[in-house]
Amino acid sequence: MAPFRKQGTVNLSALFNPTSIAVVGASQSDGKIGYEAMANAARYEAPVYPVNPSGTGTLFGESFVDSVTELDDIDLALLCVPGPAVPDVIDECGEAGVGAAVVYASGFAEAGEDGERLQAELVERATKHDIALLGPNTSGFVVPAANLQCSFASGVGDVPAGNTAVIAQSGGIAHVLAFQARRQRRGVSAMVGLGNRATVGFTETIAYFDDDERTEAIALHVEGTDDGRALLEACREAETPVVAYKVGQSDVGEFAASHTGALTGSHDLYEAGFAQYGVPTVDATDDLLDAAAALGHSPEPDGPNVGVVTAQAGPGIIITDRIQRAGGNLPELTGETQERVGEVLPGVTYTGNPVDTGRPMPEFGDIVTAVATDDNVDIVLVYELFEEALGYPIDALDGLADRVDKPVLFAAEGIEEDMAEERDALSEAGVPLFETPERAADAAGALARYGRFHGTDDEREVTVDV
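Residues numbered from 1 in each chain as written. Predicted model: local features only at pLDDT ≥ 70, side-chain atom pairs only at ≥ 80, totals over all residues. Heavy atoms only, no water.

Draft legend 1. Representation of the pairing of strand S2 (residues 48-51) within the structure. One ladder, built from four bridges, connects strand S1 (residues 21-24) with S2; its direction is parallel. Counterpart to Val 24 in the pairing with S2 is Val 51. (Pairing = 2+ DSSP bridges. Helix = DSSP H or I, 4+ residues; strand = E, 2+ residues; numbered from the N terminus.)

Below, the structure is given as structure tokens:
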């Protein structure tokens, strides 16, 4: 296989924080990539110029130019041209002093030997000109807080800002995750589709977003890589929590190779490697965003021990089962905590772990606080069905995670319109919210695995209450 991936240090500021953009291959024909990429990029506050020798007049308020070499001080070029033309356009970008480029075209390393040779040539020219190259074979990226939309997909302008950086090998999955994050009312700090990873891959983007002040968690979608150790080292070196979704438990190698030129490798080896390097893994896109939300809005857990408070037994049973299957422990609460719970609610349904109050009640917040302050508990998960007359224990939950220095997750179900105001209040308070017992439990399980990998008390012996 041809050496079509160049590894090394690249400066990604021109890519993710450009002072100006050129759209090469910009088009006035609605529906073409050159039009859609220009329409999205034109929302950016810095200048965005259309480049096409066949173009006339203006596009989104800027006049067409024949070549990027006619423009001064361009940081980023979005290349909406066919694959065979890309290397020559990269040379023009180099002549113009462009610092970064996004290559949307396919037909490179994922397309057999001819494509590998074309990608090797592309990498050689980009490296010669010191251009950070995202792609080829990508649908681009977005940075919502900066209104930077370097994707040709529709709807990316509606993705809200959040604190999770999504780094996906597949541009399609990158967009799936971004749109899911919107539907979950969370948003992203960035969404990046790596594609074939010519000079910008996992290691470079993990390092960049680890230093990004908007990013509190990094979510990875991984099909495969030619340097798994470099990926794992980047994850371990990052101070920002990283969670990964490694696809390919069954045999998808040939399909994946035709998609992004990926070498999928052994799924079990990847899973073991991520665990060894401190990265919890998940098996679904929703789980990836849930785990990232839990990690990104919480103090780091000291261990895998989860304290559960539920207002209904049925969801509590599901949560208890699922947390333990996900790698978490349900420790016995201290005698002091059980006594405190009994004093607050004499005759409470169950004072072990989980604590079952039978229904939400005015003292529910006091019970949550008692469990959160228990020395045996590293992570707190609260569940209730919404009752309008009682609402959520907002006063107790607001700032509780910071006070106890532990993650505190909250899950609830009810009529959406009835819950909206209090749900918004919890979101404003930074409490991670979940809509089902399963998703909340799986997020707590991801935190538990993270706590086991990174925590300070994973050797502490506790009695597990099954």
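That covers the picture; the talk isn't over yet.
Draft legend 2. Spotlight on the packing of aromatic side chains. Inspection of the entire model under this criterion finds nine aromatic pairs. Summarising the aromatic geometry, the rings of Phe 16 and Phe 141 are spaced 4.9 Å apart at their centres and angled 85° between planes, so their arrangement reads as edge-to-face. A residue pair is termed long-range when its members are at least 10 positions apart, and Phe 16 in helix H1 (residues 13-16) and Phe 141 in strand S8 (residues 140-143) qualify at 125 residues. Side by side, Phe 16 and Phe 141 carry an identical accessibility label, which is buried. Ring geometry for Phe 16 against Tyr 208: centres 5.1 Å apart, planes inclined by 45°, an arrangement best described as tilted. Within this pair, whereas Phe 16 is found in helix H1, its partner Tyr 208 is found in helix H6 (residues 202-210), the two being separated by 192 residues in sequence. Pairwise contacts between aromatic rings join Phe 16, Phe 141, Tyr 208 and Phe 209 into one cluster. Note that Lys 246 overlies the ring of Tyr 270, its terminal NZ or CZ placed 4.8 Å from the centroid. (Phe/Tyr/Trp six-rings, centres within 6.5 Å; stacked < 30°, edge-to-face > 60°. Buried < 20%, exposed > 50% of the residue type's maximum accessible area, 1.4 Å probe, protein only. Lys NZ or Arg CZ within 6 Å of the ring centre and 35° of its normal.)

Draft legend 3. Summary view of the pairing of S8. Burial along S8 is two-sided: Gly 140 and Val 142 facing one way and Phe 141 and Val 143 facing the other are all buried. The pairing of S8 with strand S9 (residues 148-151) spans four bridges and is classified as antiparallel. Counterpart to Phe 141 in the pairing with S9 is Cys 150. Turn length for the S8-S9 hairpin, with the two strands adjacent in sequence and antiparallel, is four residues, and the turn residue Asn 147 shows positive phi of about 55°. Judged from the two bridges that link them, S8 and strand S11 (residues 188-193) form a sheet pairing that is antiparallel. Counterpart to Phe 141 in the pairing with S11 is Val 192.

Draft legend 4. Spotlight on unusual backbone geometry. The omega torsion across Gly 135 and Pro 136 is -5°, close enough to zero to call that bond cis. Inspection of the secondary structure assignment puts Pro 136 in the loop between strand S7 (132-134) and S8. With an omega of 15°, the peptide bond running from Asn 353 to Pro 354 counts as cis. Positionally, Pro 354 belongs in the loop between helix H12 (335-344) and strand S16 (355-356).

Draft legend 5. Highlighting a negative patch on the surface. On the surface, Glu 300, Asp 302, Asp 402 and Asp 405 cluster together to form a negatively charged patch. Looking at the secondary structure, you find Glu 300 in the loop between helix H10 (285-296) and strand S15 (306-310). We classify Glu 300 as partly exposed; its relative accessible area is 41%. (Patch = residues over 30% accessible without salt bridge, like charges linked within 9 Å, V, L, I, M, F, W, Y side chains within 5 Å. Areas by Shrake-Rupley, 256 points an atom, 1.4 Å probe, with all protein chains shown as cover. Salt bridge = Lys/Arg side-chain N within 4 Å of Asp/Glu carboxyl O. Lys, Arg positive; Asp, Glu negative; His and termini not counted. Charge placed at Lys NZ, Arg CZ, Asp CG, Glu CD.)

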